[in-house]
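# Secondary and tertiary structure notes
If you want the building blocks of each chain, they are given just below.
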Amino acid sequence: MSTAANSPAPTSTAPVSTAIGPLESTFADALDPLTVPWQAAEAPDPTLLVLNESLAQSLGLGVAALRGDDGVAILSGAVRPADANPVATAYAGHQFGGYAPLLGDGRALLLGELIDADERRVDLQLKGSGPTPFSRGGDGFAVVGPMLREYLVSEAMHALGIPTTRSLSVVATGRDVHRNGAEPGAVLARVASSHLRVGTFELAARQTDLLAPLADYAIERHYPGLSELPESGDENRYLGFLAAVVERQAALVAQWMHVGFVHGVMNTDNTTISGETIDYGPCAFIDVYDPDTVFSSIDHGGRYRFGNQPAVLKWNLARFAETLLPLLSPTPDEAITAATTALAAFDEHYDRHFVAGMAGKLGLADAAVDRTLVDDLLALMRAHRADWTGTFRALADELRGDPAPLDGLLPREAGAPWLARWRQALATGGGAEPQIADAMDRVNPVYVPRNHLVDAALRAATDGDLAPLERLLDAVTHPFRRRADSSDLEAPAPESFSSGFRTFCGT
């Protein structure tokens, strides 16, 4: 297997089970040079920590079977599904702007593909299942804290209506993994529309015989309507493919901005072709609004800071466009012109999605939106260090006649002129203010995975106490309904916590 790696698959006597399945392998079948058959490492003492029962049911998987010994063993990687041929997938990528010609699944295995209740094909992948040919000197394992973080945050994002990979389970392996000392190891089972990335295309672009089959596979899987377009001419399906990915990613990053989400490591190998959020490593949600917010301990230059995410996403899509140039036109100049035009649409797509989402957050979904009204609110919030999530819920309270929450976030004197303009805009759109407030509450969450709460829950879970995690998970997966007994889950982190808080990739 020359493209991905030359290492042979390890000899394995791993038992097999029918607790999960049937699994298909269309990606590995169609694009074998981008995969390496591999087996997960053994798990000395697998213990199920959390199982997403509703997701399991939507995948046609039996909850009882998954909770049984065979199911837990499969979810840990210790046992292979009977019909599965696990593979590690290969890809390249730009990491912090620098090109890495070969990355790949350094600690993950694609078990195979399932058809969910909506007749959609999805990947089932294990993360933290041991070394592969792409581990690049790493041990290939993961620890409990980061795997539970991905479970918690990805499920919160799903509940917020943001396209994302999902988390099926986290299993403690019974193996200590050495990071900051010995920490308990764990494996996450992840579900995704696919694991195709910009980085997958960056690798395939170096193999002329792989690029078109990869693009055809991605189109068939994620943009099947494009298959009906002609293969040549100004509106060929590959140009339509590029345009469709640009549109989906512009919509995705706008949704991140609406909820204050900071991905933290927006490398091209973490930019999906499907338009889903993937790889929750040093991710976090902002409390105080500041577009320069950086949480990741390795993002020293602030490349992936909150306010720079749209620009980085556009840069990543430019790398994607470069890989497709041979498919866009046999004439290089024409291919570059077509790709440039498709990329130029990103700004318009992003602005449209961002403004529409902000209009909904402000109760202006049915009115003409003045962009300066949005920008001026953001300037106020930045100047007064207002909490992002809390401010939008407080605006709804303002419409109900309760000024106290907003007064606790923005000085009344400073905010009064903006509030008058906002209420005038609401009046222009019609509708009673209490009903507008209710509509705002349906799009503005009360609960997000605030950093101090996530940190405390993960520390407790690492020590064996899952109760704080379960309580937080229940809140953030029902984010729009305020609970009388959960006021502590609404509040932003104390300044003493936020000022020095950093996130880590968890590798």
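Structure shown above.
Residues numbered from 1 in each chain as written. Predicted model: local features only at pLDDT ≥ 70, side-chain atom pairs only at ≥ 80, totals over all residues. Heavy atoms only, no water.

## What about the pairing of strand β8 (residues 108–115)?
Worth spelling out the cut-off: In this scheme, a residue with accessible area under 20% of its type's maximum is buried, one over 50% is exposed, and one in between is partly exposed, where area comes from a 1.4 Å probe on protein chains only. Strands here are runs of E lasting at least two residues and helices are runs of H or I lasting at least four, both read from the DSSP assignment and numbered beginning at the N terminus. For two strands to pair, DSSP has to find at least two bridges joining them.
In terms of residue burial, β8 counts as a mostly covered element, since seven of its eight residues are buried. Bridge count between β8 and strand β9 (residues 121–127): seven bridges; the pairing is antiparallel. Counted as the bridge partner of I115 is R121 from β9. In this antiparallel pair of consecutive strands, β8 and β9, the connection spans five residues, and E119 shows a positive phi of 65 degrees.

## Focus: the packing of aromatic side chains
Inclusion rule: For Phe, Tyr and Trp, where Trp contributes only its six-membered ring, two rings pair if their centres lie within 6.5 Å, and the inter-plane angle classes them as stacked under 30 degrees, edge-to-face over 60, or tilted in between. A positively charged side chain is recorded as over a ring if its NZ (Lys) or CZ (Arg) lies within 6 Å of the ring centre. The angle to the ring normal must also be within 35 degrees.
All told, the structure shown has 18 aromatic pairs when counted by the stated rule. With a centroid separation of 5.4 Å and an interplanar angle of 70 degrees, the aromatic rings of W256 and F261 are classed as edge-to-face. Ring plane angle 15 degrees and centroid distance 5.6 Å describe the contact between W418 and W422, whose orientation is recorded as stacked. In this pair, W418 and W422 both sit in helix α14 (residues 412–429), four residues apart, roughly one turn of the helix. Classification of W422 as buried rests on a relative accessible area of 0%. Note that K361 overlies the ring of F392, its terminal NZ or CZ placed 4.4 Å from the centroid.

## So, the pattern of salt bridges
Side chains that differ in sign of charge can pair as their charged atoms come close. Spelled out, the test is: Whenever a carboxyl oxygen of Asp or Glu lies within 4 Å of a side-chain nitrogen of Lys or Arg, that contact is scored as a salt bridge.
In the structure shown here, the tally under the stated rule is 40 salt bridges. With a closest N to O distance of 3.3 Å, E348 and R352 form a salt bridge. Of this pair, E348 and R352 both sit in helix α10 (residues 332–361), four residues apart, which is roughly one turn of the helix. On the basis of relative accessible area, E348 is assigned to the partly exposed category, the value being 44%.

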